[in-house]
Amino acid sequence: MLRTAVKKQMISLLDSMCENHHGGVIKNPYFFEDSQQAAITIGETIECKVPENKDIVPLLEEYCEVLFQLSQREEIQESDIQQLDTLLFAAKDKVINLQSGYQVAFFPYKASMWDSLESIWKAFSKDQRCECIVVPIPYRDFDAKNNKWNSCYELSDFPEYVPVRDYQSYSIETEQPDVAFIHNPYDDYNRVTCVYPQFFSREIKKHVGKLVYVPYYITTGNISPEHLYVPVCQNMDYMIAQSEKFKSGCEGMNYYDKVLPLGSPKADRVINMCHDGVEIPEDWRTVLAGKKSVMLNTSIYCFLNYGDIYFDKLKHIFQWFKKRDDVVLIWRPHPLLESTVKSMRPQLMEKYQELLTYFNDEQIGIWDNTPDITRTIAIVDAYIGEEVSSVVILFGVAGKPIFILDNTFFKSCDEMERRRAYLGRVEKISGKYYCTSFYNGLYIVDEEFEKVELVMQFDGQPRFVSPYGNFKAVQNTIYLSPSIANMPISYRTDTGECKALKPSAIDGFYALSRVVSYGEKIYYLPAGDSGILVYNRRDKSWKEQQDCILHLKQNASVVGGTTCNCCENGRELWITAEYTNRVICYDMKNDTYQIFALGDEHYGFSGIVADKKNVWLAEVHTGDIVHLNRCEGKLNKYALPDDAISWCPENGRRMVLGELIDMGKYLVAAPVFTDTMIRFNKKEKSIDRLIPEFWEGASEKYNGYNPRIHSACCSFNKLDDSHIQVQRTWDGALAVVDVMTGEYTLHNPVFTEKTMHKLTDGQDGFEKFQTYYAFCRRESRLFSFEGFMEDLVNDRLEDVKKRQKTELASVAANLDGTCGEKVYEYMMKIFENNQ
């Protein structure tokens, strides 16, 4: 095929040759030689690229003959120049009329990820002007156990209808494609897999007209922070983004204008394949005949965050399917899972192999290692697995029910377990204990901490998580802090009015924690990286104080983590974070702040209590109580009792103690990853264990609770000057403790029957946490894995399938399956405009 770029070069060269006939250039001693060589070059290109054309080369040959004759003369007449012009004009007209096109190259590396490029390839392949070349590229997998890289090449694994070229038979340096599409963004910045160096994006970019990066994944709408800085972003000409929301996540990056929100080819493939139907693999047909089927997705994220806990959950799932003959499990591990186990958790490789052996030997279901996940999605009836995976979105796009597993549940909960009320913040307001819980709503718990009644639910928020975790009452108004909601709100206890507090300069998703009031101002502390939000009750204005949080993160010993806790001391607001030994002393009167570094640079702090002379903190790694004498500047630390047991959670982020409560003579600290709640005598500087028998089960596993994942304490509040309320996570038991005497009463708060009806009547559990989350049901005390499977087998999820697609409309553009066509149209305009 004659490339359009080459055709334009020939036309430009012919124009230059004509210009050289005039203006005295013809008298240049090199004119004849240069012009003849140019004509020969054009002729050879025509013979090579358009051998069927028999008109242009004779004109160029005649042109060369005239040039030779003129070179023998002493004088050249105007008529001679006109003869040369006429020959070149004729040749140019015929070149213009030649059909030409573009070379479009695709460089996939894993066959299982070809779906991220396929619809673009199909769109270009329909255009006869485009020569589409698919060149699978080799890569290496790292084997940590043997400390070596293993070479991999999947040339033969691509679909038969895709004409692939061996990378050794294709020279990008020679071909110089007009555009190249790639889906590996990492170059040499990946410790698990790495493409060969000649196919790094920076190398491909040297030899192509345009380099286009298409993410190999699809998300719930956002781009993950780590993908903002992958090497391809500095080498690409364009990135294909699945949505405007995805693009907005790139705001502030130097490549923002290169991001094209045209959708996802992965969604194209699912939509079109579900519509057209697929052929079921022959060895699957007998197994699937007359039965429902689900796909189990096991990805890298869950493995890295849960380790052997994850494998235990999978074993439980396998055991359930072993007992059933009416539903089939299709297990599809992430294509990089085994190599990730080898390289990053080699000590778990044996357990992973045992799981594979059990699955195969017991004939649990179908092991799916086919390169095309989309076919599996089109075949099965539903999805089970984790939420942090692009596969979830593909099932949503396909309109198939999604069930998100909780790795700590191993059986369904009985009625009393379902009714357990796990409390959050508790505060006495107008003689009543108001509280939040694990579910959407504001609640009241009775004086005996036994019955929990729903006051109101928050409209427009998910029902089965708590969109508002913390609150602060100012007179008869409760100011609620959004944990996953999109707006701070207020609630009046006297009138029942609930009102959204709309920030004028701030919008979007909020992840806030504690709420503090000072004068006319309400302070909302961030849970993550955002600033402190300040709401003025008098003039309804909002400000964001971000500098202090950014300052807090400078030189932090740990990357990431949460802003943990705070305490008030008059106009002072002290703030801690788990990732740094720095603490903020914020002046709420004039909105200024100071930063203090306390103790070892590797420290982090959770709870904090301060007065005019002292600051007490809970150190996250050790559980030590750290004391700062503000007058003398002295720092002392006090260790946990010798019989206290603490442990490291699965994610590796230790936090022994959480919040500190000031009880006058004593400080009390809530247990997180420990079996110990401590009471610290401020005067005597002594520590003892408070109600140790209440926490005896903290290190054990229970249904829905794992000490390596969950905090031992889920609710911890001061009730009055003598009493605190504390609730343990594994069974919901609650203690009201007299801190002075160490005595306590035991309670078991449950939702009233009326409240349970309000929470669950007419609800099937399918919802989205946020606009850009998956629409799914999540495993919990209310909604079990077994219940989901029974609903699927008995055809009780048909309505869900209809709601699914509607709910996913905001996740990606062009959900009619036309992303590939839109990319093709955009790039063709670029070519035609020669941009």
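Residues numbered from 1 in each chain as written. Predicted model: local features only at pLDDT ≥ 70, side-chain atom pairs only at ≥ 80, totals over all residues. Heavy atoms only, no water.

### Here's the deal with the nonpolar core
Then comes step 1: Residues Phe318, Phe321, Leu329, Ile384, Phe785 and Met789 are the most contacted members of the largest nonpolar core, which totals 66 residues.
Then comes step 2: Ignoring any residue separated from it by four or fewer positions in sequence, one finds Ile384 in contact with Val294, Met295, Leu296, Asn297, Ile317, Phe321, Leu329, Phe403, Phe785 and Phe788.
Then comes step 3: By size, the runner-up hydrophobic cluster in this structure holds 39 residues, among which are Ile133, Cys194, Ile223 and Phe246. (Core = buried A, V, L, I, M, F, W, Y, C linked by side-chain atoms within 4.5 Å. Buried < 20%, exposed > 50% of the residue type's maximum accessible area, 1.4 Å probe, protein only. Contact = heavy atoms within 4.5 Å.)

### Description of the pattern of salt bridges
Where charged atoms of side chains with opposite charge meet at close range, the side chains can pair.
Then comes step 1: The full count for this structure, using the stated rule, is 43 salt bridges.
Then comes step 2: Lys205 serves as the salt-bridge partner of Asp237, at 2.6 Å between the closest nitrogen and oxygen. In this pair, Asp237 is assigned in the loop between strand S7 (210–213) and strand S8 (238–241) and Lys205 in the loop between helix H7 (201–204) and S7, connecting sequence segments 32 residues apart.
Then comes step 3: The exposure class assigned to Lys205 is partly exposed, which follows from its relative accessible area of 27%.
Then comes step 4: The shortest N-O distance in the salt bridge between Arg418 and Glu415 comes to 3.7 Å. On the criterion of helical spacing, the pair formed by Arg418 and Glu415 is a turn pair, its members being three residues apart in helix H17 (residues 415–419).
Then comes step 5: Owing to a relative accessible area of 48%, Glu415 belongs among the partly exposed residues under this scheme.
Then comes step 6: In this structure, a network of salt bridges that share partners links the residues Glu118, Lys122 and Arg269. (Salt bridge = Lys/Arg side-chain N within 4 Å of Asp/Glu carboxyl O. Helix = DSSP H or I, 4+ residues; strand = E, 2+ residues; numbered from the N terminus.)

### With respect to the sheet that holds strand S22 (residues 498–500)
By way of backbone hydrogen bonds, the strands of a sheet pair with one another, either parallel or antiparallel.
Then comes step 1: On the basis of which strands lie adjacent, the open sheet formed by four strands has the order S19-S20-S21-S22 and antiparallel pairing. Either end of the sheet is taken by a strand with one partner, and the two such strands are strand S19 (468–474) and S22. Each strand of the sheet is rotated relative to its neighbour by a mean of 25°, with strand direction disregarded.
Then comes step 2: In this sheet, strand S20 (residues 477–482) lies alongside S19 in antiparallel orientation, the contact comprising six bridges. Bridged to Lys472 within S20 is Tyr479. (Pairing = 2+ DSSP bridges. Axes fitted to C-alpha atoms, helices over the stretch in contact; angles between N-to-C directions.)

### A short note on the state of the cysteines
Then comes step 1: This structure, assessed with the given rule, holds zero disulfides.
Then comes step 2: Of all cysteine sulfurs in the structure, the one in Cys819 sits closest to Cys274, which takes part in no disulfide; the separation is 17 Å.
Then comes step 3: Residue class for Cys274 comes out partly exposed when judged on its relative accessible area of 30%. (Disulfide = S-S within 2.5 Å.)

### A word on helix H19 (residues 753–760)
Then comes step 1: Where H19 is concerned, the buried positions are Thr755, Met756, Leu759 and Thr760. Buried residues of H19, viewed axially, fall in a sector of 115°; they line one side. Opposite the packed face of H19, turned more than 90 degrees from it, sit the exposed residues Glu753 and Lys754.
Then comes step 2: Packing partners of the buried residues in H19 comprise H17, strand S17 (442–445), strand S18 (451–456) and strand S43 (750–751).
Then comes step 3: Looking at the residues trailing H19, positive phi occurs at Gly762, about 75°. (Arc of directions from axis to C-beta.)

### Points about unusual backbone geometry
Then comes step 1: With a phi angle near 50°, Gln363 is a residue other than glycine that sits in the positive phi range.
Then comes step 2: By secondary structure assignment, the location of Gln363 is in the loop between helix H14 (349–361) and strand S12 (365–367).
Then comes step 3: Overall, Gln363 belongs to the exposed group, its relative accessible area being 70%.
Then comes step 4: Backbone geometry at Asp795 places phi at a positive 55°, although glycine is not the residue there.
Then comes step 5: Within the element layout of this structure, Asp795 appears in the loop between helix H20 (785–793) and helix H21 (798–807).
Then comes step 6: Owing to a relative accessible area of 44%, Asp795 belongs among the partly exposed residues under this scheme.

### Looking at helix H3 (residues 56–71)
In an α-helix, one turn spans 3.6 residues, which is why side chains three or four residues apart end up on the same side.
Then comes step 1: Under the 1.5 Å per step criterion, the end-to-end length of H3 is 23 Å for 16 residues, consistent within 8% with the ideal 22 Å.
Then comes step 2: Listing the buried residues of H3 in full gives Ile56, Val57, Leu59, Leu60, Tyr63, Cys64, Val66, Leu67 and Leu70.
Then comes step 3: Among the structural elements, helix H1 (4–20), helix H2 (31–49) and helix H4 (78–96) are those in contact with the buried residues of H3. (Expected span 1.5 Å × (residues − 1).)

### Looking at the packing of helix H12 (residues 308–322) against H20
Then comes step 1: Running from amino to carboxyl end, H12 crosses H20 at an angle of 40°, the nearest separation of the two axes being 12 Å. Relative to H20, H12 is oriented oblique. In this structure, H12 crosses over H20, and the sense of that crossing is right-handed. Contacts between H12 and H20 involve His316, Ile317, Trp320 and Phe321 on the former and, on the latter, Phe785, Glu786 and Met789.
Then comes step 2: Along the lines of polarity and charge, the residues of the contact of H12 with H20 split into five nonpolar, one polar and one charged. (Parallel < 35°, antiparallel > 145°, perpendicular 65-115°, else oblique. Left-handed = near helix turned anticlockwise from the far one by under 90°. Nonpolar A, V, L, I, M, F, W, Y, C, P; charged D, E, K, R; others polar.)

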